[in-house]
Amino acid sequence: MTPYPPAQRQDIVEDIHGHRVADPYRWLEDAGGEATTEWLAAQDKLFHKVADALPGRERLRRRLGELLGAGSVGAPVWRGERCFFTRRAADQEHPVLHTVDPDGTERVLVDPMALDPDGTTTLDGWQPDKEGRLLAYKVSTGGDEESLLHVMDVATGERVEGPIDRSRYSSVAWLPGGEAYYYVRRLPARDVPEGEEQYHRRVYLHRVGTEPDTDDVLVFGAGMDKTNYYGVGVSRDGRWLTISSSQGTAPRNDLWIADLAASPPEAPELRAVQEGVDAGTGLHVGRDGRAYVFTDRDAPRSRLCVTDPSDPSYETWRDLIPQDPEAVLTDFAILDSAGPRPTDPGVPPRLDRPVLLAGWTRHAISEITVHDLETGERLGSVPTPGLGSIGGIVERPEGGHEAWFGYTDNVTPSSVMRYDARTGETTPWASAPGTVEVPEIETRQLTYTSRDGTEVRMLVASRPGLSGPRPAILYGYGGFNISLTPAYSASILAWVEAGGVYAIANLRGGSEEGEEWHRAGMRDRKQNVFDDFHAAAERLIADGLTTPARLAISGGSNGGLLVGAALTQRPELYRAVVCSAPLLDMVRYERFGLGQTWNDEYGTADDPEEFGWLIGYSPYHHVHAGTAYPAVLFTTFGSDTRVDPLHARKMCAALQHATASDAPVLLRNEAEVGHAARSVSRSVDLMADTLAFMAAQTGLALPGAEHGDELTDDLITG
């Protein structure tokens with residue numbers, strides 16, 4: 001019998017807006033404290049005692065490595081006849097940025113492993129200048145996402161300047177000629193209140209080769225709220241500058257435009273396109289001089305409008321692609337090839353008229369339609385490989401008849417397709433570089449009814465021909481306007497190959513059905529997300545696909561909050577829980593990581609009414625002693641600067657103290673890893689541990705395991 005590591009319960013009770021709120025494990029907020037360090041070491045020892053004995057884990061790790069050996073490839077970004085793209089080969093830990101020169105020579109530009117053989121450096125973003133001669137790129141180390149901005153000479157591969165620090169989440173907008181760019185940078189710590197270093201951002205004009213700390217010109221953001229995020233863009237001809245501003249992750253933004261032909265780049269005269277409006281809007285000035293406005297204003301499923309960039313007021317917007325009653329507009333590209341019509345009969349003719357490609361998701365499945373560029377009339381559709389997900393649609397900056405888009409589905413690793421508007425054909429442009437044997441799986445979409453009568457959809461994957469209740473994983477996210485769409489996943493394939501069922505619920509809070517769907521799962525309506533998740537589990541059970549004793553749930557980040565709420569609200573419904581990088585203390589979440597940027601999504605504890613929403617479901621505050629909780633595995637990452645690992649530490653201690661069941665409550669803590677990007681080998685280790693844990697708890701017999709029994713209660717007890 002192995003007891004849980006001791007964890008002191010402090011007598012901390014605060015009065016918050018008339019509510020008495022206990023916080024017995026506040027000491028675990030101090031990551032560097034001696035008590036926390038000792039507790040984490042004991043938790044790590046306990047985790048390995050259980051995890052290292054999980055049946056089938058090593059063979060599962062090898063299989064996951066094989067499935068991830070497919071690699072990946074990204075859609076090209078064109079500058080003249082030079083293209084830039086990322087690719088990860090089977091033996092590589094991270095995607096590598098390549099360029100193909102006009103003569104066809106392919107070269108590596110940025111390889112994270114060459115920068116850091118330890119594998120903890122990631123490529124966070126990149127943007128070539130308008131001529132393709134210079135490349136701005138961002139890297140971060142150790143998972144902290146504190147990006148450093150560099151500029152490279154593409155022809156020689158030599159660094160031109162950098163690093164420029166405080167560039168996290170910065171977009172880069174080049175002016176023609178490559179001599180200068182607009183970018184976003186945080187203010188130095190000395191210029192902001194203590195504890196707010198992450199939030200104060202400004203838009204600057206930077207001239208290549210100058211000193212950013214002394215020579216950059218402040219263009220926008222002086223006096224703006226500390227949590228604003230900014231986006232910048234410059235039209236291909238260099239005439240039009242756009243700047244967007246959003247309050248944290250709010251689903252709305254302000255938007256301005258400036259004519260750089262009428263005012264200098266250092267002091268653009270910005271004119272409001274949208275200000276103080278509850279809508280999300282972007283603007284792109286096309287090669288034809290028209291402004292294309294992508295917006296959910298008066299259109300929760302989004303629409304595309306056109307207007308004159310010199311007078312972009314709302315009254316001048318004209319619908320080009322109106323809102324669809326079912327599908328959500330996600331992307332667009334313009335194909336407008338020019339030049340003489342070819343006379344060679346073997347050469348396809350140029351386009352008779354410019355066309356617009358519109359990307360959509362219809363109940364989480366992607367599609368692309370073709371429209372007349374002037375009128376918006378639908379002309380047809382773009383053939384796609386299957387019922388899957390499409391990445392961004394890419395055109396050449398100078399125009400043309402070609403477009404490229406990424407594609408993936410449950411059995412197809414990331415690939416890139418090329419569409420030719422002259423012939424209407426779609427052909428492969430690049431496939432994932434690795435060769436992998438993918439198991440046969442069957443995926444179907446179910447519609448089920450949530451607690452309040454709302455219809456919700458769910459994708460369910462399993463091996464063909466299997467019947468009867470099976471060990472199952474239910475996965476969800478439900479927040480921040482993020483869609484869960486079909487994608488190649490080594491963990492899903494490995495679970496289903498072993499005989500399990502894997503379900504992904506398209507909960508409210510996401511964007512699968514547009515902005516109204518998102519808002520139906522945020523702030524005072526967050527409980528809808530949890531109700532949708534419970535209803536998904538009940539549907540899987542009612543259909544005979546699984547049972548509560550064979551059902552595991554999994555989620556990370558906001559999805560970690562989801563499964564944390566699920567296990568405290570309906571502990572009898574689930575056998576096992578994997579809760580990764582979660583938010584769990586919703587009373588204090590704004591004090592840590594990037595929490596202050598999320599209060600539009602969740603609400604703020606500073607407001608009495610909004611505090612009521614948060615305390616109503618905050619998982620940490622709904623752990624009750626004597627409850628038989630399911631088995632829980634928390635996974636945390638020591639360098640996570642988005643969601644502080646303290647949430648999982650406090651919740652783990654609370655559950656270990658409270659649970660009346662023999663199901664284990666474990667903490668897996670990993671140092672030098674951040675919230676998102678990580679190396680392939682670290683990803684394989686994490687997936688192997690979490691899947692083997694859920695398999696042992698739900699009775700899934702993994703290949704290579706001597707038996708598929710649940711963990712016996714002599715391994716661990718509370």
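Whatever comes next refers back to the structure up there.
What counts, and at which threshold
- Residues numbered from 1 in each chain as written.
- Predicted model: local features only at pLDDT ≥ 70, side-chain atom pairs only at ≥ 80, totals over all residues.
- Heavy atoms only, no water.
- Helix = DSSP H or I, 4+ residues; strand = E, 2+ residues; numbered from the N terminus.
- Rg over C-alpha atoms; globule rule 2.2 N^0.38 Å.
- Buried < 20%, exposed > 50% of the residue type's maximum accessible area, 1.4 Å probe, protein only.
- Contact = heavy atoms within 4.5 Å.
- Areas by Shrake-Rupley, 256 points an atom, 1.4 Å probe, with all protein chains shown as cover.
- Core = buried A, V, L, I, M, F, W, Y, C linked by side-chain atoms within 4.5 Å.
- Expected span 1.5 Å × (residues − 1).
- Pairing = 2+ DSSP bridges.
- Axes fitted to C-alpha atoms, helices over the stretch in contact; angles between N-to-C directions.
- Parallel < 35°, antiparallel > 145°, perpendicular 65-115°, else oblique.
- Left-handed = near helix turned anticlockwise from the far one by under 90°.
- Nonpolar A, V, L, I, M, F, W, Y, C, P; charged D, E, K, R; others polar.

## Concerning the overall build of the protein
Moving on, step 1. Counting its secondary structure elements, the protein contains twelve helices and 39 strands.
Moving on, step 2. Relative to a compact globule of 718 residues, whose C-alpha radius of gyration would be 27 Å, the protein shows 26 Å and is just as compact.
Moving on, step 3. Overall, the C-alpha framework of the protein stretches about 80 × 60 × 50 Å when taken along its three principal axes.
Moving on, step 4. Out of the 718 residues in the protein, the part that is buried amounts to 58%.
Moving on, step 5. A separation threshold of at least 6 residues defines the contact pool for the protein, and within that pool the share at least 24 residues apart is 58%.
Moving on, step 6. For the protein, the accessible surface area stands at approximately 28000 Å², while carbon and sulfur atoms represent 48% of it.

## Points about the nonpolar core
Moving on, step 1. Ranked by size, the top nonpolar core spans 115 residues in total, and within it Leu 474, Tyr 602 and Phe 634 carry the most contacts.
Moving on, step 2. A per-element tally of this core places helix 12 (residues 680-698) first, with ten residues.
Moving on, step 3. Ignoring any residue separated from it by four or fewer positions in sequence, one finds Phe 634 in contact with Cys 579, Leu 584, Ala 648, Met 651, Cys 652, Leu 655, Val 665, Leu 666, Leu 667 and Arg 668.
Moving on, step 4. In terms of nonpolar packing, the next biggest core, distinct from the first, is built from 17 residues, Ala 173, Phe 220, Val 232 and Leu 241 among them.

## Examining helix 11 (residues 646-658)
Moving on, step 1. Given a rise of 1.5 Å per residue, 13 residues ought to cover 18 Å, and the 18 Å separating the end C-alpha atoms of helix 11 matches this to within 8%.
Moving on, step 2. With respect to burial, helix 11 is a largely interior element, twelve of its 13 residues being buried.
Moving on, step 3. Along its buried surface, helix 11 packs onto helix 1 (34-51), helix 8 (558-569), strand 38 (631-637) and strand 39 (665-670).

## Section: the pairing of strand 11 (residues 159-164)
Moving on, step 1. Pairing of strand 10 (residues 148-153) with strand 11, which is carried by three bridges, proceeds in the antiparallel orientation. Within the sheet, the bridge partner assigned to Leu 149 lies in strand 11 and is Ile 164.
Moving on, step 2. Hairpin connection between strand 10 and strand 11: a loop of five residues separates the two successive antiparallel strands, and Gly 157 in this loop has a positive phi of roughly 80°.

## Considerations on the sheet that holds strand 35 (residues 501-506)
Moving on, step 1. Spatially, eight strands are ordered 32-33-35-34-36-37-38-39 in an open sheet, and the strand pairing comes out mixed. Each edge of the open sheet carries a strand with a single partner, namely strand 32 (442-449) and strand 39. The mean angle between the axes of side-by-side strands here comes to 20°, regardless of whether they run parallel or antiparallel.
Moving on, step 2. Pairing geometry for strand 32 and strand 33 (residues 455-462), over eight bridges, is antiparallel. By the bridge assignment for strand 33, Glu 442 is matched with Ser 462.
Moving on, step 3. Of the strands in this sheet, strand 38 and strand 39 touch helix 1, which is tilted by about 110° from strand 39.
Moving on, step 4. Against the sheet, helix 5 (residues 490-497) touches strand 33, strand 34 (472-475) and strand 35, its axis set at about 135° to strand 35.

## Considering the sheet that holds strand 11
Moving on, step 1. The sheet built from four strands is open, its strands ordered 8-9-10-11 with antiparallel pairing. Each edge of the open sheet is held by one strand with a lone partner, namely strand 8 (121-128) and strand 11. Going from strand to strand, the sheet's axes swing by 20° on average, the running direction of each strand aside.
Moving on, step 2. Sheet topology places strand 9 (residues 134-141) next to strand 10; six bridges connect them, and they run antiparallel.

## Examining helix 7 (residues 527-542)
Moving on, step 1. In this model helix 7 runs 22 Å from its N-terminal to its C-terminal C-alpha over 16 residues, within 8% of the 22 Å that 1.5 Å per residue would give.
Moving on, step 2. If you check which residues of helix 7 are buried, you get Asn 528, Val 529, Phe 530, Asp 531, Asp 532, Phe 533, His 534, Ala 535, Ala 536, Ala 537 and Leu 540.

## Structural notes on the packing of helix 1 against helix 11
Moving on, step 1. The interhelical angle for the contact between helix 1 and helix 11, taken along N-to-C directions, is 65°, at an axis separation of 12 Å. The angle between helix 1 and helix 11 places the two elements in the roughly perpendicular class. In this structure, helix 1 meets helix 11 at a crossing whose hand is left-handed. Counted together, Thr 36, Trp 39, Leu 40, Gln 43 and Leu 46 of helix 1 and Arg 649, Cys 652, Ala 653 and Gln 656 of helix 11 form the full contact between these two elements.
Moving on, step 2. In terms of residue class, the contact of helix 1 with helix 11 is built from five nonpolar, three polar and one charged.

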